[in-house]
Amino acid sequence: MKSAAVISIVIAVISVLASYFIVRRVKRQIAEMADILTDVRNGNGNRRILSAVNELTAPVAYEINDIIVSYEDRLSAYRQAEEANRQLMTSLSHDVRTPLTTLIGYLDAVHKGIASGRERDDHIEIARRKAHDLKDYIDVLFDWFKLNGNEFAMKIETVEAAELTRNMLIDWIPIFEDRQIEFNIDIPERPFMVNLDTDAYMRILNNLLQNVIAHSRADRIEIILSEKNDHMALVLTDNGVGIEQEDLKHIFERLYKCDKGRSEKGSGLGLSIAQQLVENMNGSITAESTRGNGTTFTLLFPLRADATQSRAPQGSC
């Protein structure tokens with residue numbers, strides 16, 4: 001009986017000691033967590049809580065680490081957005097003020113009678129073009145803010161994209177002719193059934209074509225629509241100055257402008273907006289270019305499965 005009692009006492013003492021050390025370690029770990037969280041709150045997002053898998057505090061430690069990582073990711077995204085908005089406002093103040101000042105100058109010259117006859121007509125034409133440039137710029141900004149504020153409502157539905165593309169490009173033909181740009185538009189007569197938002201699709205085409213006119217210095221453009229691996233492929237190729245390979249990696253980034261051999265005109269948002277819209281419609285956009293040999297943009301949108309199957313060859317019975 002005495003030996004049993006001694007054993008019980010020893011076990012109890014060991015249990016108490018074990019509990020004491022466990023509680024002590026847990027308290028120390030909690031204190032470390034509090035210190036790390038204070039450090040994180042003060043701006044050091046690189047801190048992490050170290051804990052072995054078998055420790056009592058492990059689940060809490062891992063959860064806190066996940067929260068810190070998520071917090072840092074959101075903070076980084078916020079800082080990037082803040083910097084992008086700062087750059088955008090700087091660009092806005094320059095890109096709007098310059099053409100607006102020119103526009104006012106030409107209109108003032110006409111209003112005050114400084115320009116007359118043919119010169120007056122030239123001033124009015126230049127003012128008209130500057131006004132359209134401003135409108136295009138503001139339209140791009142409006143799309144950008146709506147996209148990044150999740151306010152760009154898209155109504156995706158099944159449309160016949162060949163005829164839709166043909167009708168959109170008709171409006172560009174007078175612009176090509178006015179800029180003395182030769183063009184070749186190749187769109188098959190057969191239907192291409194694709195899930196698209198027609199307004200977004202129009203903005204994509206307009207942004208790509210405006211990019212060609214504003215920056216490429218091309219005098220020829222080719223637009224070909226075809227089927228490629230169950231996708232509708234729209235390929236736009238120009239014979240302009242092309243894009244440096246280093247620039248080509250970044251052309252879809254917001255506010256990115258190619259410096260070498262490229263015009264400074266534009267917001268640096270058009271291609272970024274086009275990419276966002278394409279991806280929102282489950283499509284893809286890529287660019288290929290060689291300096292001095294033009295640029296090719298390729299849009300891919302999945303064809304409706306039922307439309308693809310209907311064109312598949314039928315087996316004999």
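Residues numbered from 1 in each chain as written. Predicted model: local features only at pLDDT ≥ 70, side-chain atom pairs only at ≥ 80, totals over all residues. Heavy atoms only, no water.

### With respect to the overall build of the protein
The condition is simple: Per the convention used, a helix needs a DSSP run of H or I reaching at least four residues, while a strand needs a run of E reaching at least two, with both numbered from the N terminus. A 1.4 Å probe rolled over the protein chains alone gives each residue an accessible area, and that area as a share of the maximum for its type sets the label: buried under 20%, exposed over 50%, partly exposed in between. Contacts were defined at the residue level, with two residues in contact if any of their heavy atoms lie within 4.5 Å.
Assigned secondary structure in the protein consists of 9 helices and 7 strands. Sorting the 317 residues of the protein into buried and exposed places 35% on the buried side. Within the protein, contacts between residues at least 6 apart in sequence are counted, and of these 69% link residues at least 24 apart.

### Thoughts on the pairing of strand S6 (residues 284-289)
Test applied: At least two bridges found by DSSP between two strands are what make those strands a pair.
In S6, alternate side chains face the same way, and those of Ile285, Ala287 and Ser289 are buried while those of Ser284, Thr286 and Glu288 on the opposite face are not. Counted between consecutive antiparallel strands, the loop separating S6 from strand S7 (residues 295-302) contains 5 residues, among which glycine 292 sits at a positive phi close to 90 degrees.

### Some words on helix H4 (residues 161-170)
Which entries qualify depends on this criterion: Note that the arc is defined by the directions from the helix axis to the C-beta atoms. Any pair of nitrogen or oxygen atoms within 3.5 Å is treated as a polar contact; in protein, a donor-acceptor pairing is required on top of that, and neighbouring residues in sequence qualify only through side-chain atoms on both sides.
Among all positions in H4, only Ala161, Ala162, Leu164, Thr165, Met168 and Leu169 are buried. Projected down its long axis, H4 carries its buried residues within an arc of 165 degrees, all on one side. Two or three places before alanine 162, at the opening of H4, glutamate 160 has a side-chain oxygen 2.9 Å from that residue's backbone nitrogen.

### Points about the side chain of threonine 296
In this fold, threonine 296 is placed in strand S7. Here threonine 237 takes part through its side chain, which lies 3.1 Å from a polar atom of the side chain of threonine 296. Sequence-distant contacts of threonine 296, defined by excluding residues within four places in its chain, comprise Val235, Leu236, Thr237, Thr286, Ala287 and Glu288.

### As for the confidence of the model for the protein
Heads up, the rule is: A residue's pLDDT is simply how confident the predictor is in it, with values from 0 to 100.
Predicted confidence across the protein gives a mean pLDDT of 79, with 77% of residues reaching 70 or more. Across residues 260-264 the pLDDT falls below 50, and counting only partners more than four positions away or on other chains, this stretch makes 14 contacts in the model.

### Remarks on the sheet that holds strand S4 (residues 220-228)
Sheets are built from strands paired through backbone hydrogen bonds, the pairs being either parallel or antiparallel. Using the following cut-off: The axes are straight lines fitted to the C-alpha atoms, using for helices just the contacting stretch, and the angles between their N-to-C directions are given from 0 to 180°.
Spatially, S2-S4-S5-S7-S6 is the arrangement adopted by the 5 strands of the open sheet, whose pairing is mixed. Looking at the sheet topology across the chains shown, the edges are occupied by strand S2 (182-186) and S6. Each neighbouring strand pair of the sheet contributes to a mean axis angle of 15 degrees, computed without reference to strand direction. Inspection of the sheet shows S2 paired to S4 by 5 bridges, in the parallel sense. In the sheet register, asparagine 184 faces S4, and the bridge partner there is glutamate 222. Sheet strands in contact with H4 are S2, S4 and strand S5 (231-238), and its direction is about 170 degrees off that of S4.

### Overview of the nonpolar core
What counts is decided by this rule: Residues belong to one nonpolar core when they are buried, are Ala, Val, Leu, Ile, Met, Phe, Trp, Tyr or Cys, and are joined through side-chain atoms within 4.5 Å.
Of all hydrophobic cores here, the largest spans 53 residues; its most connected members are Tyr201, Ile204, Met232, Leu299 and Phe301. In terms of residues, this core owes the most to one element, helix H6 (residues 198-216), which gives 8 residues. Counting residues in each nonpolar core, the second largest holds 7 residues, with Met33, Ile36, Val40 and Ile64 among its members.

### Looking at the packing of aromatic side chains
For clarity, the threshold we go by: Aromatic rings from Phe, Tyr and Trp, taking only the six-membered ring of Trp, are treated as a pair when their centres fall within 6.5 Å; an angle between ring planes under 30 degrees marks them as stacked, one over 60 as edge-to-face, and anything in between as tilted.
In total, this model carries 4 aromatic pairs according to the counting rule given. Centroid distance phenylalanine 252 to phenylalanine 297: 6.4 Å. Interplanar angle 75 degrees. Geometry classified as edge-to-face. Here phenylalanine 297 lies in strand S7 and phenylalanine 252 lies in the loop between helix H7 (245-248) and helix H8 (270-280), a separation of 45 residues in the sequence. Of the two residues, phenylalanine 252 and phenylalanine 297, neither departs from the other in class, the shared state being buried. The rings of Trp172, Phe176 and Phe183 are connected pair by pair, giving a single aromatic cluster.

### Regarding the packing of H4 against H6
Applicable threshold: Angle categories are assigned with fixed cut-offs, so that under 35 degrees is roughly parallel, over 145 is roughly antiparallel, 65 to 115 is roughly perpendicular, and the rest are oblique. Left-handed is the label given to a crossing in which the near helix is rotated counterclockwise from the far helix by less than a right angle, and right-handed is the label when the rotation is clockwise. Three classes are used: nonpolar for Ala, Val, Leu, Ile, Met, Phe, Trp, Tyr, Cys and Pro, charged for Asp, Glu, Lys and Arg, and polar for all others, with Gly counted as polar.
H6 packs onto H4 with a crossing angle of 50 degrees between their chain directions and a minimal axis gap of 11 Å. The orientation of H4 relative to H6 falls into the category oblique. Taken as a pair, H4 and H6 cross one another with a handedness that is right-handed. Packed against H4, whose contacting residues are Leu164, Thr165, Met168 and Leu169, the element H6 presents Thr198, Tyr201, Met202, Leu205 and Leu209 at the interface. For the contact of H4 with H6, the residue count by class is 7 nonpolar, 2 polar and no charged.

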